[in-house]
Amino acid sequence: MSTATGHALALHGVGKRYGGFTAVEGVDLAVGRGEFLTLLGPSGSGKTTLLMIIAGFVDPSAGHVLLDGNDITALPPEKRQFGMVFQGYALFPHMTVAENVAFPLRVRRMARADQAEKVRAALDLVQLSAFADRRPAQLSGGQQQRVALARALVFDPLLLLLDEPLSALDKKLRAELQEELKALHRRIGRTFVNVTHDQEEALSLSDRIAILNKGQVVQQGTPFELYEAPRTRFVADFLGTSNFLRGQAGPGGIVKVGDLALRVACPITAGRDVLLSLRPQKILLLSPDGAADNTVSGEVVSWSYAGAAFSLIVATEDLGPLRVVMPAWNASVAPSEGLVVRLGWSAEAAVVVEDDQLQPA
Ligand SMILES: Nc1ncnc2c1ncn2[C@@H]1O[C@H](COP(=O)(O)OP(=O)(O)OP(=O)(O)O)[C@@H](O)[C@H]1O
Ligand SMILES: [Mg+2]
């Protein structure tokens, strides 16, 4: 279904300058038919600017935007037929839900009877048919966001562009709407481009993620690829949390960190300084006779409990403080400050990342 109805979007060398300031630079991006792509990055990294360039509201200073291979860079936004939910964009307060959703159709001068039918279908899609006559003030935040979604979908857009549509909602409601958004995407099979700075949202919703930093796409791939094989320290750090270990590569898949020789499975060049990223979830608490490719002892200096997991900081002599996350249901010991523990991880657990955030020594 999704491949039949979705459209393909491509950006070639897209940049945007405001005076001397570069907001977006050299962005190459391909979004496949029916794909759910997320632009993920910190505040100010250029996400909204890039989405506005795709929508046609911002003219790029360089590069091209292509839809199904056709250059649409110069096409005005109203001719692009893209649905958009803007960042923090409110509904018209004086209009009912149905009138809000009908707005894009009125602008397009669609016949009244057809409008009513389209509005009904769009409200069905976001499961708000029963609320058609209410005003936005009489709805919860999540319901308002769904009205905004219905309004973006009502005219059968070629592409749906979403700028942090869920960021104002509390955690539980956000998780619910994420599920709905995912189901909606599957149902209508359109190409979605979503913007967020919420890493969990990006991981759970997207077919692919493009990570932005300072106006540039620093890595793109499936959530799994980005999480398991971050290319840089920034990506490893921004998408999840990580321990970073600085060492020197030796022969035979060994990285020397202090006095410790760590076994790694990723390709390394002997003699080079390397930075390893090691996810806290991949470090296990070993029993006294437990074995692992890599082991180190340390002392728990702090810990916290978050329902599903314990999060520990373990001070080690050779590797400094290590962050460890262990599932609470499986915890072999109850953590406590001062507890001496043995940690272990497999050679596959750590990956080499490029150090793009060189810290002063
Ligand atoms: N019209 C403008 N004139 C000058 N600078 C701008 C303009 N619009 C955006 N910028 C700058 O471009 C950079 C990127 O802004 P953008 O809104 O794309 O960031 P963002 O990633 O969407 O951030 P956020 O997560 O806070 O929404 C920012 O430094 C911003 O100040
Ligand atoms: Mg923004």
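Taking an unreviewed UniProt entry as the reference, the protein is identified by name as ABC transporter ATP-binding protein belonging to Teichococcus globiformis.

Turning our attention to unusual backbone geometry. Although it is not a glycine, R109 adopts a positive phi angle of roughly 55°. For K214, which is not glycine, the phi torsion reads 50° and is therefore positive. Within the secondary structure layout, K214 lies in the loop between strand 9 (208-213) and strand 10 (216-221). Look at K214 and you get exposed, because its relative accessible area is 69%.

In the vicinity of ligand 1 there are 13 residues, among which S43, G44, K47, T48 and T49 approach most closely. The backbone of G46 places a nitrogen or oxygen atom 3.0 Å from an oxygen atom of ligand 1. Within the side chain of K47, a nitrogen or oxygen atom sits 2.8 Å from an oxygen atom of ligand 1. About the coverage of ligand 1: the protein hides 61% of its 640 Å² of free accessible area.

This next bit is on the sheet that holds strand 1 (residues 9-18). Strand order in the open sheet formed by 4 strands is 2-1-4-5, and the pairing between neighbours is antiparallel. A strand with exactly one partner marks an edge of an open sheet, and here the two such strands are strand 2 (21-31) and strand 5 (70-71). Summarising the sheet, strand 4 (residues 62-67) and strand 5 pair through 2 bridges and their orientation is antiparallel. Each bridged residue has a counterpart across the sheet, and for L67 the counterpart in strand 5 is N70. In the packing of helix 2 (residues 47-55) onto the sheet, contacts are made with strand 1, strand 2 and strand 4, and the angle to strand 1 comes to roughly 120°.

Criteria and cut-off values
- Residues numbered from 1 in each chain as written.
- Chains lettered and ligands numbered in written order.
- Predicted model: local features only at pLDDT ≥ 70, side-chain atom pairs only at ≥ 80, totals over all residues.
- Heavy atoms only, no water.
- Helix = DSSP H or I, 4+ residues; strand = E, 2+ residues; numbered from the N terminus.
- Buried < 20%, exposed > 50% of the residue type's maximum accessible area, 1.4 Å probe, protein only.
- Near = heavy atom within 4 Å.
- Polar contact = N/O pair within 3.5 Å; in protein donor to acceptor, adjacent residues only side chain to side chain.
- Areas by Shrake-Rupley, 256 points an atom, 1.4 Å probe, with all protein chains shown as cover.
- Pairing = 2+ DSSP bridges.
- Contact = heavy atoms within 4.5 Å.
- Axes fitted to C-alpha atoms, helices over the stretch in contact; angles between N-to-C directions.

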